[in-house]
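Residue-level listing of the chains:
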Amino acid sequence: MADEPASIAHLHHADDAGRNSPTLKALRREVLRLAIPAVGEQMVLLMAGIVETVLIGHLGAAPLVALGLSNQLAMLSTVLFMLLAVGGGVLVAQATGAGQVERVHRVFGQSLWLSLLTGVGLMLTGLLVATPALRLMGAEAEAVRLGTPFLRLLAASMPFQGFVFVASACLRGAGDTRTPMLVVAATTIVQVLSSAALVYGVGGFAEMGTPGAAVGALAGRAAGAGLLLVWLWHGRLPLRLREVNWRIDRPAVEEIVRLGSPSGGEQLALRLGQIANVRIVAGLGTVGYAAYLVAFNSVVLAFLIGIGFTAAATTVVGQRVGAGDEIGARSGARQAWGLAAGTMGLMGIAFAFAARPLLGFFTSDLQVVALGVVPLQLVSLALPAEATNQVLSGALRGAGDTRWPMVVTATGNWLIRLPLTLILAGPFGLIGVWWAVIADMVLRALVNIWRFRGTAWLPAIRPRAVMEQSGLWRSGRNS
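All values reported here derive from a predicted model rather than from experimental measurement.

### Focus: the overall build of the protein chain
Here's step 1: Within the protein chain one finds 18 helices and 2 strands.
Here's step 2: The 479 residues of the protein chain split such that 58% are buried.
Here's step 3: Considering only residue pairs separated by 6 or more positions, the protein chain has 81% of its internal contacts joining residues 24 or more positions apart.

### Concerning the nonpolar core
Nonpolar side chains in soluble globular proteins tend to end up buried together.
Here's step 1: With 87 residues, the main nonpolar core has Y289, Y292, F309 and V379 as its most contacted residues.
Here's step 2: Here this core gets 19 residues from one element, more than from any other, and that element is helix α11 (residues 286-322).
Here's step 3: With residues up to four places along the chain from it excluded, the contact list for Y289 reads V65, G68, L69, V278, V281 and A282.
Here's step 4: Core analysis: the second largest hydrophobic core is formed by 30 residues, L84, L237, L239 and I256 among them.

### Observations regarding the packing of aromatic side chains
Here's step 1: Summed over all chains, the structure comprises 6 aromatic pairs.
Here's step 2: Consider the rings of W113 and W246, whose centres lie 6.1 Å apart with planes at 90°: the pair is edge-to-face. Taken together, the residues W113 in helix α5 (residues 101-136) and W246 in the loop between α9 (210-234) and α10 (250-282) connect sequence positions 133 residues apart.
Here's step 3: Centroid distance W404 to W450: 5.9 Å. Interplanar angle 40°. Geometry classified as tilted. Of this pair, W404 sits in helix α16 (residues 403-428) while W450 sits in helix α17 (residues 430-453), and the two are 46 residues apart along the sequence.
Here's step 4: By relative accessible area, which is 60% here, W450 ends up exposed.

### So, the pattern of salt bridges
Here's step 1: On inspection of all chains with the given rule, the structure shows 13 salt bridges.
Here's step 2: Between R33 and E30 there is a salt bridge, with its nearest N and O atoms 2.9 Å apart. Of this pair, R33 and E30 both sit in helix α2 (residues 24-57), 3 residues apart, which is roughly one turn of that helix.
Here's step 3: With a relative accessible area of 1%, E30 lands in the buried category.
Here's step 4: Measuring nitrogen to oxygen at the nearest pair gives 2.7 Å for the salt bridge that ties E243 to R240.

### Side note on the packing of helix α4 (residues 77-98) against α5
Here's step 1: At a minimum axis separation of 9 Å, α4 and α5 run at an interaxial angle of 175°. One way to sum up the angle between α4 and α5 is to call them roughly antiparallel. Of α5, the residues touching α4 (which contributes S77, L80, F81, L84, G88, L91, V92, Q94, A95 and T96) are R103, V104, V107, F108, S111, L114, S115, T118, G119 and L122.
Here's step 2: Tallied by class, the residues present in the contact of α4 with α5 amount to 11 nonpolar, 8 polar and 1 charged.

### Focus: empty space enclosed by the protein
Here's step 1: What the rule picks out here adds up to 2 cavities of 30 Å³ or more.
Here's step 2: If you add up the space inside the second largest cavity, you get close to 40 Å³.
Here's step 3: Around the second largest cavity, the lining residues are A48, V51, E52, L55, Q191, V192, S195 and A213.
Here's step 4: Taken together, the elements giving at least two residues each to the lining of the second largest cavity come down to α2 and α8 (178-200).
Here's step 5: With 4 residues, α2 is the largest single contributor of residues to the lining of the second largest cavity.
Here's step 6: Per-class residue counts for the lining of the second largest cavity are 5 nonpolar, 2 polar and 1 charged.

### A word on helix α13 (residues 355-362)
Here's step 1: Regarding α13, the residues found buried are A355, L359 and F362. Looking down the long axis of α13, one finds its buried residues gathered within 50° of arc, a one-sided arrangement. Of the residues in α13, the exposed ones pointing more than 90 degrees away from the buried face are P357 and F361.
Here's step 2: Looking at the buried positions of α13, the neighbouring elements they touch are α2, α11, α12 (326-353) and α14 (366-380).

### What to know about a nonpolar patch on the surface
Here's step 1: Where nonpolar side chains cluster on the molecular surface, the patch consists of L268, L272, W414 and L415 and spans about 370 Å² of accessible area.
Here's step 2: Counting residues per element, the ones that place at least two in the nonpolar patch are α10 and α16.
Here's step 3: Relative to the helices and strands, L268 resides in helix α10.

### A few points about helix α7 (residues 158-173)
Here's step 1: Here α7 is 16 residues long and its end C-alpha atoms lie 22 Å apart, about the 22 Å a rise of 1.5 Å per residue gives.
Here's step 2: Extensive coverage of α7 is indicated by the burial of 14 of its 16 residues.
Here's step 3: In the stretch just after α7, G175 is the one whose phi turns positive, near 95°.

### Some points on the packing of α4 against α10
Here's step 1: Contact geometry of α4 with α10 gives a least axis separation of 7 Å together with a crossing angle of 140°. Considering their axes alone, α4 and α10 lie oblique with respect to each other. Of the two elements, α4 crosses α10, and the hand of that crossing is right-handed. Packed against α4, whose contacting residues are T78, V79, M82, L83, L84, V86, G87, G88, V90 and L91, the element α10 presents E255, I256, V257, L259, G260, S261, S263, G264, Q267, L268 and R271 at the interface.
Here's step 2: Looking at side-chain class alone, the contact of α4 with α10 contains 11 nonpolar, 8 polar and 2 charged residues.

### Thoughts on the environment of A214
Here's step 1: Considering the arrangement of structural elements, one finds A214 in helix α9.
Here's step 2: Along the backbone, A214 and S157 are 57 residues apart, and their C-alpha atoms lie at a distance of 9.1 Å.
Here's step 3: Residues in contact with A214, not counting those within four places in the same chain, are F150, L153 and L154.

Thresholds, definitions, all that
- Residues numbered from 1 in each chain as written.
- Predicted model: local features only at pLDDT ≥ 70, side-chain atom pairs only at ≥ 80, totals over all residues.
- Heavy atoms only, no water.
- Helix = DSSP H or I, 4+ residues; strand = E, 2+ residues; numbered from the N terminus.
- Buried < 20%, exposed > 50% of the residue type's maximum accessible area, 1.4 Å probe, protein only.
- Contact = heavy atoms within 4.5 Å.
- Core = buried A, V, L, I, M, F, W, Y, C linked by side-chain atoms within 4.5 Å.
- Phe/Tyr/Trp six-rings, centres within 6.5 Å; stacked < 30°, edge-to-face > 60°.
- Salt bridge = Lys/Arg side-chain N within 4 Å of Asp/Glu carboxyl O.
- Axes fitted to C-alpha atoms, helices over the stretch in contact; angles between N-to-C directions.
- Parallel < 35°, antiparallel > 145°, perpendicular 65-115°, else oblique.
- Nonpolar A, V, L, I, M, F, W, Y, C, P; charged D, E, K, R; others polar.
- 1 Å grid on protein atoms, 1.4 Å probe; cavity = no way out; pocket = protein on both sides within 12 Å on 5 of 7 lines; lining within 4 Å.
- Points joined across faces, edges and corners; volume = space filled by probe spheres on them.
- Arc of directions from axis to C-beta.
- Patch = residues over 30% accessible without salt bridge, like charges linked within 9 Å, V, L, I, M, F, W, Y side chains within 5 Å.
- Areas by Shrake-Rupley, 256 points an atom, 1.4 Å probe, with all protein chains shown as cover.
- Expected span 1.5 Å × (residues − 1).
- Left-handed = near helix turned anticlockwise from the far one by under 90°.

Take a look at the structure:
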């Protein structure tokens, strides 16, 4: 126990066989310790999104559409960033649970190299294809004109975003969810102040309109990346740049990519499915798409609560797997699942009753508000199902089972949500689109519960846990 990471040492009590196992109370406390800062991080991100939407939304419907379509395209970057974040974060969590500090920093260093290379590649791609990509999304001429500079500026921020995204995932895997929250807070402060000044020309700045929000995002992400870099070098964090060996380690890179690739595929299926759905919604007209966007932004607060608990589930399960404790891994996942489903369910009830004022906060267009009320009320009641999908998928990833969430997400988006959207959007309009979303949420939740209650995902983690503890796993060998 002398070399056990401090982030998990308080979880254990020793049994007669000398193995370490967490109590349920300790697991619940650990889930909350990890989840609360992660939820706080998501809240800060939400604040940035709300400010951006409000700033642009009051410029009119066309700028709002340009913002939404540009952000949808920019989110495609999360396909590759998620691959690296999941691969690096899960491996760091498992190595942390096994007490292998040297391997923690080996995985961390390789993850950072990959994130920077990926960010530069995405930046160059985005600068080149911004205009045709917006046209492909079905944007009208005015939205393309407004969205092109916005999307190019977002592309320029990709190296900063990738570094923060992947480094934060590794920190969470090591049990530190507080530092990513603080970095996001600093990023948001810079972004909000910059965007407010540049969109409307406040404080002597030139009025830039829609592109001003993208300049603010670029400034915020650069500031956040700089702050995190300083802390990783000089701070007292569980991961430290001073301990990283920057030499390329092919086995570690291969393991990061192998483990993270299904999550990258999951994000690709999710994002492409969302884009395909958005393309259908855009066909309902500018007002219809604007109503879809503000309804989603109204309910996204609850989604982000689920993401916070998902981060906690992934870390707890990953660390318990590294410690060879299957019972603790399953129990920790249950704690995160119950807390997330209960919280999101209560929020859904509140959203259903406050649908109209919530929508009115995002836009002053009364036609958009009227069109979005019923869809928001419907999706709010399905939030416990989404909590189930988020947390159980995160728990399976922490155990190394990254393929199952990919299959379920791809199937739900392409074989349930998209066909139903095509069928229902015509006769029922925006309400039909949201019925398709709800059907996808509920069916995936049922399938994920079935998977989690079974044992099919457990045998895959037993050999890895044994190899990690014995030092036989190839990425765990000492240099």
